[in-house]
Amino acid sequence: MFSTRSLDDDLAAVRDRYAPGSPVLDVESDFETLPPAAAEDLGLFADALDPASYPAEWLPAEVPDLLRKHAGPAFTVGLPGDGTVVRTAQTDPPAVLVKRRAEGTPDDFLAFLVAERLVQIGCEPASGAVGGGDAANGNNSPGLPESFLPFFGERYRDLDAAIRRPDPETGASTTGFGPTDVFQVANALFDAWVGLHTRDEFASWDGEFPRLFDAWVDAGDRLAGRLGDLSGEVARGDSDFSDATEYACSAVKHELDLPAPYGALDTVAYRERGAPYAVAWAEKTFAALVDDEE
C-alpha cells in the first residue's frame with residue numbers, strides 16, 4: 001500500500017529543516033479517506049501510531065457521513081478536498097502521503113506540493129487559535145491540526161449555525177446552504193489559515209530552492225486571473241458562494257490580493273485568532289448574503 005518516496009536534494013533539505021524524520025510515502029491507490037486497514041500499515045514506516053477521534057459534541061445534527069466517520073474511533077486518514085498530497089499527524093513523526101493521482105502531476109509542481117506539506121508539519125499555531133485544543137492532534141503534537149474539524153473543534157457547530165441558520169423546530173436550513181456547503185467552507189477557511197503560516201517560508205526560497213519557489217509563484221499566477229472577478233461570478237450566478245470561498249482561500253498561501261469579503265481572511269488577526277475569527281467572519285458574511293437576497 002505504501003512505499004518510501006525518493007526525494008530530490010531540495011526536498012530532502014526542506015524535510016531536514018521543517019520535518020526531520022517525517023516519512024514521505026507513495027500510496028499505490030487514490031483515496032479520499034484512507035480506510036482503517038490501510039491506515040494501520042503506516043505503522044511500518046513510523047515510530048508509533050496514535051489514531052485521532054473527536055467528540056461527537058463537535059458535530060451538528062446534520063453532517064456528511066464521511067465527516068462523522070472521520071470524527072469516530074476508526075483510524076482513518078484524509079477527507080475529500082485534501083488534494084493530491086496529504087499529511088497526517090496521527091503518526092509519530094507526522095507523515096506525508098502522495099496519492100497515485102500524482103502520476104499525472106508536473107514534476108516541479110508535485111515537488112512543491114510535497115514541500116508544502118513538510119513545511120506545514122513544522123508550523124505551530126498561536127495559543128487559542130485552534131478550537132479543538134488538546135484534542136486537535138491524535139499524537140498531541142504541537143503542530144497544525146490535520147484537518148478543519150480539529151481546527152474548529154466545538155466551534156464547528158457555530159460555523160454550521162452561521163451558514164445554515166437551521167430552523168429551531170425542524171433543524172432544516174433556512175439559507176439554502178446545506179451540510180456539504182458547511183463542510184466545503186470549513187475546509188476552505190482552514191486552508192486559508194494554514195496558508196498564512198506557510199507562505200512566508202515559500203517566499204524565502206528564491207535563490208535557495210529555486211525550483212520550489214518558481215512552482216509556488218507559477219501556481220499563484222494561474223489563480224490570480226480569476227480572483228478579480230470572483231465576486232462578480234457569484235453575483236451573476238456563474239459560481240456559488242461555497243466554490244468562490246474555496247477558490248479565494250486557496251490563494252492566501254500565494255500572497256494574492258483577495259476581493260471582498262475575503263480580504264479579512266488575509267490578516268495577521270486571522271492567523272493569530274484562528275477558529276473564533278473564522279466563525280465571526282462566517283457569521284458576518286452569511287448574514288450579509290441573506291440580507292442581500294431578501
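I will try to describe carefully the structure that is included in this document. (Residues numbered from 1 in each chain as written. Predicted model: local features only at pLDDT ≥ 70, side-chain atom pairs only at ≥ 80, totals over all residues. Heavy atoms only, no water.)

### Some points on the overall build of the protein
Each helix and strand counted, the protein has twelve helices and six strands in total. Over its C-alpha atoms, taken along the principal directions, the protein stretches across nearly 55 × 40 × 35 Å. The proportion of buried residues among the 294 residues of the protein is 53%. Summarising the internal contacts of the protein: among those between residues at least 6 apart in sequence, 67% fall at separations of at least 24. In the structure as shown, the protein presents an accessible area of about 12800 Å², 47% of it carried by carbon and sulfur atoms. The average position of the 23 basic charges and that of the 53 acidic charges among the side chains of the protein differ by 1 Å. (Helix = DSSP H or I, 4+ residues; strand = E, 2+ residues; numbered from the N terminus. Buried < 20%, exposed > 50% of the residue type's maximum accessible area, 1.4 Å probe, protein only. Contact = heavy atoms within 4.5 Å. Areas by Shrake-Rupley, 256 points an atom, 1.4 Å probe, with all protein chains shown as cover. Lys, Arg positive; Asp, Glu negative; His and termini not counted. Charge placed at Lys NZ, Arg CZ, Asp CG, Glu CD.)

### Thoughts on helix α1 (residues 9-18)
Turning to α1, its buried residues number three or more, namely Asp10, Leu11, Val14 and Tyr18. What you see down the axis of α1 is that its buried residues fit within an arc of 95 degrees, all on one side. Seen from the buried face of α1, the exposed residues on the opposite side, beyond 90 degrees, are Asp9 and Asp16. Looking at the buried residues of α1, the elements they touch are α4 (107-121), α7 (179-203) and α8 (210-227). (Arc of directions from axis to C-beta.)

### Points about the side chain of Arg199
Inspection of the secondary structure assignment puts Arg199 in helix α7. Taking the relative accessible area as the measure of exposure, Arg199 reaches 14% and is therefore buried. Only 2.7 Å separates the side chain of Arg199 from the side chain of Asp266, close enough to count as a polar contact. Excluding residues that lie within four positions of it along the chain, Arg199 makes contacts with Trp216, Val252, Lys253, Glu255 and Asp266. (Polar contact = N/O pair within 3.5 Å; in protein donor to acceptor, adjacent residues only side chain to side chain.)

### Side note on the nonpolar core
Core analysis: the biggest nonpolar cluster contains 82 residues, and Phe148, Phe152, Tyr156, Leu159, Leu189, Trp205 and Tyr270 have the highest contact counts within it. It is α7 that contributes the most residues to this core, twelve residues altogether. Those residues within four positions of Phe152 in sequence are excluded, and the remaining contacts are Gly131, Gly132, Leu159, Ala186, Leu189, Ala275, Ala278 and Val279. Phe2, Leu34, Ala38 and Val77 belong to the second largest nonpolar core, which has twelve residues in total. (Core = buried A, V, L, I, M, F, W, Y, C linked by side-chain atoms within 4.5 Å.)

### Details of the packing of aromatic side chains
Two measures describe an aromatic ring pair: the distance that separates the ring centres and the angle between the ring planes. Tallied over the entire structure, the rule returns 21 aromatic pairs. Here the aromatic rings of Phe241 and Phe286 are separated by 5.2 Å at their centres, their planes lie at 80 degrees, and the arrangement is edge-to-face. Residue Phe241 is located in helix α10 (residues 241-250), and its partner Phe286 is located in helix α12 (residues 275-293); the two are separated by 45 residues in the primary sequence. Pair check on accessibility: Phe241 and Phe286 agree, each one buried. Between Tyr262 and Trp281, the ring centres sit 5.9 Å apart and the planes meet at 35 degrees, which makes this aromatic pair tilted. You can see Tyr262 sitting in the loop between α10 and α11 (268-273) and its partner Trp281 sitting in helix α12, a full 19 residues away along the chain. Trp281 shares its class with Tyr262; the two are buried. Connected via pairs of aromatic rings, a cluster forms that spans Tyr18, Phe109, Phe112, Phe202, Trp205, Phe209, Phe213 and Trp216. (Phe/Tyr/Trp six-rings, centres within 6.5 Å; stacked < 30°, edge-to-face > 60°.)

### Concerning the packing of α8 against α10
Two packed helices can be described by the angle between their axes and the distance between those axes. Direction vectors running N to C along α8 and α10 enclose 135 degrees, while the axes themselves pass 10 Å from each other. Considered as vectors, α8 and α10 are oriented oblique to each other. The element α8 and its partner α10 pack so that their crossing is left-handed. Counted together, Arg222, Leu223, Arg226 and Leu227 of α8 and Tyr247, Ala248 and Ser250 of α10 form the full contact between these two elements. Looking at the contact of α8 with α10, its residues break down into four nonpolar, one polar and two charged. (Axes fitted to C-alpha atoms, helices over the stretch in contact; angles between N-to-C directions. Parallel < 35°, antiparallel > 145°, perpendicular 65-115°, else oblique. Left-handed = near helix turned anticlockwise from the far one by under 90°. Nonpolar A, V, L, I, M, F, W, Y, C, P; charged D, E, K, R; others polar.)

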